[in-house]
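# Examining the three-dimensional arrangement
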Protein chains: 2
Amino acid sequence: MASFSSIPARELAAYKKELDAQYAAVKAQGLKLDMSRGKPSADQLDLSLGMMDCLTSSDLMKTSAGDDVRNYGMLEGIPEARELFAGLLGVRPSEVIVGGNSSLNLMYDCVARAMQFGTAPNEAPWNRQGKLKFLCPVPGYDRHFGITETFGFEMINIPMTPTGPDMDMVEKLVSSDPSVKGIWCVPKYSNPDGITYSDETVRRFAALKPAARDFRIFWDNAYCIHDITDTPDTLLNIMDECRKQGTEDMLYLFVSTSKISFSGAGVAAMAMSERNLAWAKKFLSMQIISYDKVNQLRHVRFFKDLDGFKAQMEKHRALIKPRFELVLGMLEKELGGLGIAEWTRPNGGYFFSLNVMPGCAKRVVALCKEAGVTLTGAGASFPYGYDPADSNIRIAPTYPSLEDLKKASEVLCLSVKLAAAEKLLAEQAA
Amino acid sequence: MASFSSIPARELAAYKKELDAQYAAVKAQGLKLDMSRGKPSADQLDLSLGMMDCLTSSDLMKTSAGDDVRNYGMLEGIPEARELFAGLLGVRPSEVIVGGNSSLNLMYDCVARAMQFGTAPNEAPWNRQGKLKFLCPVPGYDRHFGITETFGFEMINIPMTPTGPDMDMVEKLVSSDPSVKGIWCVPKYSNPDGITYSDETVRRFAALKPAARDFRIFWDNAYCIHDITDTPDTLLNIMDECRKQGTEDMLYLFVSTSKISFSGAGVAAMAMSERNLAWAKKFLSMQIISYDKVNQLRHVRFFKDLDGFKAQMEKHRALIKPRFELVLGMLEKELGGLGIAEWTRPNGGYFFSLNVMPGCAKRVVALCKEAGVTLTGAGASFPYGYDPADSNIRIAPTYPSLEDLKKASEVLCLSVKLAAAEKLLAEQAA
């Protein structure tokens, strides 16, 4: 089929009637499908079932140093877990705190600590520095933006490019405005675009010269080993680059096994310079005696090392790849060449971006909803839930079965066409 | 032996020389014993080893409602865990949030949320209300005081009585001073005295009429079912009393299985009125997607119900009781009638208070340390680590073996006598 915009008005009206009929038929099926969140499927969770058997009453529940993981102590996490996560984070074990099940909670706590107590002994709490700003590459992760919105930051949209956030804009804002205190980054297979920052982007991050000494990069490497295709992306090690520049204190790193083992019962970790870590521990030691070290040991015993993580990700890949291919293939087949939508084709991660005609994203999501397919809300990937172009839709293909995904994709493609036809007809009428 | 104060000066000097000789002999043994923290012993942790086998790869990992505990979701905790903890907390399941492994973290978060966002939609954040005060029954739990010190509260000592905190003082301060925002309570088998609040004390708490609408009682029922003797204490249900008074919003309740299952890998829970819970969830939902529900299910499967918890506590009791009896018996035998020390004899919990002669607590702890026995630091049970009388020492008998405990108690008794002799001789010399 030709591009929508080349269709004459009369034909378009007739075509829309066809689409309406198709939509009515789909709606009559009474579907109930959910493509809204980046949740692993039950099949993926089953891949880690062995974790439930690798630490039993007959196993030694001690660290390699002989400490009982069941008791209090070891705020930073057990040594073998610190080492394991250091590998995943690309830092030294002494720079790692292994936490509970949620990296989001570690990020929230870092922001909360900076608000209340500041980022370093000689820095004022963010709470006492007036109205502050946070940079938000868009589209991005809604829960990141939720944290900075909750704490009252003015969030500034930074456009994503194929090589990462618009670094000209980042450098300008960070170097000129001391009220800019941080930036959210998902540097590999970004949520939702699936973009991996280029080496140059990483180097430019490490070389930032912030106007605020207490500026921090929140480097959420949630998808660090989450490849889908045979041509995986590689990400430069930002801590190494920061060390070269002497900017290690600018960096907070986060990772978790939420999408490696169990999304609700994995292990999260954060890393930062030893100076930053000492300051964080001053408050963390008031907050908690220790995180769940039994679950840390369970993960160490099950995955053993970085290769163990990677072998597990191969299994995830086998389940995720066909899902991405199905949805992307359907988009190509149904929407390719129509000029009414574009989408990313990531080599990894949990999402891709579907960008429909400006002003149509909300309508597409509403149409899908009405036909029984729940998508992530339009605008969710933008601060304050507001997509200025009303164009971006985050697609999360991992959770539904292939069968459900096929049906959901059909509804999605139909809705995209319908919304575009509505828009073009309205424009022609105006 | 007669009271120390009745010993003539010359005899006392000679007696002290005896004590010095005994102390030198003990010191020469090169002991290395730790009675500093309320940690369960390895034997106690072994009681819950079955928990490692009750949720394996062959078990259904779903809630009774059919939801997969391995995935994201259920911020409030799984329904069966909410019900289980509601029983422990004496509240409705709808008033419970089941958290991660740390009740301290839930408390810290409650304070942090109130600081940053206030306690209710119409209340100003505590951060914006100037210098604030927190009431601290003393002696009390050092980690409680650590939180309020970290957040910059002026902490006001409230003397403990055999029926709980001095309620005349509490009522006066709470009703007259709007800058008083909270009070720390360990209402059953208090840390460190082991005192249980009387029914009247609980009723007076529920009937408080705070000058500050955003005043909160932090009711940390850490030892709710932790009986030691055959004559356990009972605690009135404060939520029931608050409901009668219409003061439910004044109350935050906390509990955990840290001293029921594994101290580092148990499950914590908090409870509050549904109004308070809705407000807390507004921020909690920004902080974390869900706590570790696999561990919640593991606990539910292992303990089943309140009776399961209680049966487990009978087993703990069998291990803890002889330890308390040993130390208390030694104190009675070595220090009874000397007039140089008093101590509490709790029916449950993890601690008791040893009150030595005023001005002697630090010296006793230092003498023990020098002889290889680590006690909780003198003053630790007071805000800012400052015991005005320098008299209170928290005794934690659960962790060491009976053999170690015997040696440690000998050193302790000797140190108490030596410090008293030093003090009396110094007074006689002056």
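Shown above is the structure to which this text applies.
Residues numbered from 1 in each chain as written. Chains lettered and ligands numbered in written order. Predicted model: local features only at pLDDT ≥ 70, side-chain atom pairs only at ≥ 80, totals over all residues. Heavy atoms only, no water.

### Section: the side chain of Lys16(B)
Looking at the secondary structure, you find Lys16(B) in helix α1 (residues 9–28). Once residues within four sequence positions are removed from consideration, Lys16(B) is found in contact with Leu418(B), Ala421(B), Glu422(B) and Leu425(B). (Helix = DSSP H or I, 4+ residues; strand = E, 2+ residues; numbered from the N terminus. Contact = heavy atoms within 4.5 Å.)

### Considerations on the sheet that holds strand β9 (residues 268–271) of chain A
All names here are of chain A. The 8 strands lie next to each other as β2-β9-β8-β7-β6-β3-β4-β5, forming an open sheet whose pairing is mixed. A single partner strand is all that each edge strand has here, and the edge strands are β2 (96–98) and β5 (164–165). When strand β7 (residues 216–220) meets strand β8 (residues 251–256), the two strands line up parallel, connected through 4 bridges. Bridging from a neighbouring strand, Asp-220 pairs with Phe-254 of β8. Against the sheet, helix α8 (residues 238–245) makes contact with β7 and β8, and its axis sits at roughly 165° relative to β8, the strand it touches most. (Pairing = 2+ DSSP bridges. Axes fitted to C-alpha atoms, helices over the stretch in contact; angles between N-to-C directions.)

### Considerations on the interface of chain B and chain A
Contacts between the two partners involve 53 residues from chain B and, on the opposite side, 53 residues from chain A. With both sides pooled, the region where chain B packs onto chain A buries about 4500 Å², and carbon together with sulfur makes up 53% of that total. Considering only the side of chain B, the residues that lose the most area to chain A are Met52(B), Arg70(B) and Tyr72(B), jointly responsible for 17% of the buried surface there. Linking chain B to chain A there are 2 salt bridges. Arg70(B) is the partner of Asp46(A) in a salt bridge, and the nearest nitrogen-oxygen pair spans 2.7 Å. The tally of links from chain B across to chain A stands at 20 residue pairs in polar contact (both at pLDDT 80 or more). Every element with two or more residues in the side of chain B that touches chain A is listed here: α2 (42–46), α4 (103–117), α5 (142–150), α9 (274–287) and α10 (293–303) of chain B. The dominant element in the side of chain B that touches chain A, judged by the number of residues it contributes, is α4(B), at 7 residues. Of the residues that constitute the side of chain B that touches chain A, the class distribution is 24 nonpolar, 18 polar and 11 charged. (Buried area = accessible area lost by both parts, 1.4 Å probe. Salt bridge = Lys/Arg side-chain N within 4 Å of Asp/Glu carboxyl O. Polar contact = N/O pair within 3.5 Å; in protein donor to acceptor, adjacent residues only side chain to side chain. Nonpolar A, V, L, I, M, F, W, Y, C, P; charged D, E, K, R; others polar.)

### Describing the environment of Arg10(A)
Residue and element names in this part refer to chain A. With respect to the helices and strands, Arg-10 occurs in helix α1 (residues 9–28). A relative accessible area of 72% means that Arg-10 is categorised as exposed. Distance in space between the C-alpha atoms of Arg-10 and Leu-425 is 9.4 Å, their sequence separation being 415 residues. (Buried < 20%, exposed > 50% of the residue type's maximum accessible area, 1.4 Å probe, protein only.)

### A closer look at the pairing of strand β7 (residues 216–220) of chain B
All names here are of chain B. Within β7, 5 of the 5 residues are buried, leaving the element largely enclosed by the surrounding structure. Side chains Arg-216, Phe-218 and Asp-220 project from β7 onto one buried face, and the interleaved Ile-217 and Trp-219 project onto a second face that is buried too. Bridging between strand β6 (residues 180–185) and β7 involves 4 bridges; their strand directions are parallel. What sits directly across from Gly-182, in β7, is Arg-216. Handedness of the crossover is the feature at issue here: the chain leaves β6, passes through helix α7 (residues 199–206), returns alongside β7, and the resulting connection is right-handed. Between the parallel elements β7 and strand β8 (residues 251–256), the chain passes through helix α8 (residues 238–245) in a crossover that is right-handed. (Right-handed = clockwise from strand over helix to strand, strands pointing away.)

### Observations concerning helix α12 (residues 361–370) of chain B
All names here are of chain B. Residues of α12 that are buried: Ala-361, Val-364, Val-365, Leu-367 and Cys-368. Each buried residue of α12 lies within a common arc of 160° when the element is viewed along its axis, so the set occupies one face. Relative to its buried face, α12 has exposed residues pointing more than 90 degrees away, namely Lys-362 and Lys-369. The inward-facing, buried residues of α12 contact α1, β11 (352–356), β12 (373–375), β13 (392–395) and α13 (402–429). Positive backbone phi, approximately 90°, marks Gly-372, located one or two places after α12. (Arc of directions from axis to C-beta.)

### Looking at the packing of helix α11 (residues 306–335) of chain B against α13(B)
Residues and elements named next belong to chain B. Packing of α11 against α13 brings their axes to within 10 Å, and their N-to-C directions diverge by 30°. The angle between the axes of α11 and α13 places the two elements in the roughly parallel class. Every pair of crossing elements has a handedness; the one defined by α11 and α13 is right-handed. In contact with Pro-322, Arg-323, Leu-326, Val-327, Met-330, Leu-331, Glu-334 and Leu-335 of α11, α13 contributes Leu-402, Leu-405, Lys-406, Ser-409, Glu-410, Leu-412, Cys-413, Val-416 and Lys-417. Looking at side-chain class alone, the contact of α11 with α13 contains 11 nonpolar, 1 polar and 5 charged residues. (Parallel < 35°, antiparallel > 145°, perpendicular 65-115°, else oblique. Left-handed = near helix turned anticlockwise from the far one by under 90°.)

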